[in-house]
Amino acid sequence: RSHRFDLATGEWTRLSTNRLDNVTNPQYPANHDSPSAYDPTAHRYYHVAQQVHAVQELPYVDGADWTWKTTPQFGYASEEGEVRTAWVDDARRLLLIHTTTGKLRALDLDNPAAGIKTLALTGSMPAAVRLWSLYPIDGAFYTYPGSGQTIYRLAPPAGDPLTATWQATAVQITGVAIPPEVDTKSNGAHHHTRFFYVPPLQCFAWIP
């Protein structure tokens, strides 16, 4: 089931009228670390399997009627590591995926039947997989691996985003030391959204 949290009342309620396993193959690898990504144009909340190479469709909650549905089926993608974070690049209508092997992958949201593609990339993606956030000022995405004074920038290409080369670069942060992430993995916690963009302040925030 999908649920929602009311910020005004502090109350959780059930949201979807059906379940994820009502629309997907019973063997769908919906691992507990699988990320979700919101598509503001289609008003959909995608669930991306941790082993996305093992599925032929992606389920999503449709914000129009709050039911689970799936994309059209597509061919199996190559195995490029597991998925820990995924986000929507609405300007290019892509669902972007950062894998544990440092690959950048994408699903064309306007043509999901074309399947998941591995994108051309220069530079190195961070080993620690965290959510990438859009910086509207320059149109690039940024992430912080959880420790140190380096954040990473991912710049889209000027050409076709499915065939042209994306660029990943490391950016050194000066000033006070950034507090490192508190390690809670021994408790089973994997918080991938601690670094994010705050629109009113036009800057990023980090919750260690």
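Residues numbered from 1 in each chain as written. Predicted model: local features only at pLDDT ≥ 70, side-chain atom pairs only at ≥ 80, totals over all residues. Heavy atoms only, no water.

J.: I would appreciate a short explanation of the overall build of the chain in the present structure.
T.: Per the secondary structure count, the chain includes 0 helices and 17 strands. By the compact-globule yardstick of 17 Å for 208 residues, the chain fits well, its C-alpha radius of gyration being 17 Å. The C-alpha extent of the chain, read off along each of the three principal axes, is 50 × 45 × 35 Å. In the chain, which comprises 208 residues, the proportion classed as buried is 42%. Considering only residue pairs separated by 6 or more positions, the chain has 43% of its internal contacts joining residues 24 or more positions apart. For the chain, the exposed surface amounts to about 10,700 Å²; the carbon and sulfur share of it is 52%. Charge-centre separation for the chain: the mean point of 16 positive side chains lies 2 Å from the mean point of 19 negative side chains. (Helix = DSSP H or I, 4+ residues; strand = E, 2+ residues; numbered from the N terminus. Rg over C-alpha atoms; globule rule 2.2 N^0.38 Å. Buried < 20%, exposed > 50% of the residue type's maximum accessible area, 1.4 Å probe, protein only. Contact = heavy atoms within 4.5 Å. Areas by Shrake-Rupley, 256 points an atom, 1.4 Å probe, with all protein chains shown as cover. Lys, Arg positive; Asp, Glu negative; His and termini not counted. Charge placed at Lys NZ, Arg CZ, Asp CG, Glu CD.)

J.: Teacher, can you tell me more about the confidence of the model for the chain here?
T.: Per-residue confidence for the chain averages 91 on the pLDDT scale, and 93% of its residues sit at or above 70. At the low end of the mean pLDDT range in the chain sits strand β7 (residues 83-89), at 93; at the high end sits strand β9 (residues 104-108), at 98. (pLDDT = per-residue confidence, 0-100.)

J.: It is not clear to me how a nonpolar patch on the surface should be interpreted in this structure. Could you clarify?
T.: A cluster of nonpolar side chains, namely Phe5, Leu7 and Trp12, defines an oily patch on the protein surface of about 420 Å² accessible area. Along the polypeptide, Leu7 turns up in the loop between β1 (3-6) and β2 (11-14). Look at Leu7 and you get exposed, because its relative accessible area is 78%. (Patch = residues over 30% accessible without salt bridge, like charges linked within 9 Å, V, L, I, M, F, W, Y side chains within 5 Å. Salt bridge = Lys/Arg side-chain N within 4 Å of Asp/Glu carboxyl O.)

J.: What should I look at first to understand the sheet that holds strand β11 (residues 120-122) in this one?
T.: The strands making up a sheet associate through hydrogen bonds between their backbones, and the pairing can be parallel or antiparallel. Strand order across the open sheet formed by 5 strands is β11-β15-β14-β13-β12, with mixed pairing between neighbours. Looking at which strands have only one partner, the edges of the open sheet turn out to be β11 and β12 (133-135). Neighbour to neighbour, the strand axes of the sheet diverge by 30° on average, direction disregarded. (Pairing = 2+ DSSP bridges. Axes fitted to C-alpha atoms, helices over the stretch in contact; angles between N-to-C directions.)

J.: Whenever I open this one, the nonpolar core confuses me. Can you help?
T.: Within soluble globular proteins, side chains that are nonpolar generally end up buried alongside one another. Within the largest apolar cluster, 18 residues are counted, with the highest numbers of intra-cluster contacts made by Val48, Val52, Leu58, Leu95, Ile97, Leu107 and Ile116. Among the elements of the structure, β7 and β8 (94-99) are those that each provide at least two residues to this core. Of the residues forming this core, the biggest block, 3 residues, is contributed by β7. Leu94, Met125, Trp132 and Leu154 belong to the second largest nonpolar core, which has 13 residues in total. (Core = buried A, V, L, I, M, F, W, Y, C linked by side-chain atoms within 4.5 Å.)

J.: I keep staring at the pattern of salt bridges and nothing clicks. Help me out?
T.: Between side chains of opposite charge, pairing is possible as soon as their charged atoms come close. Inspection of the entire model under this criterion finds 11 salt bridges. With a shortest N-O distance of 2.9 Å, Asp21 and Arg19 are connected by a salt bridge. Owing to a relative accessible area of 46%, Asp21 belongs among the partly exposed residues under this scheme. A salt bridge links Lys69 to Asp62; the shortest N-O distance between them is 2.8 Å. Taking the relative accessible area as the measure of exposure, Lys69 reaches 28% and is therefore partly exposed.

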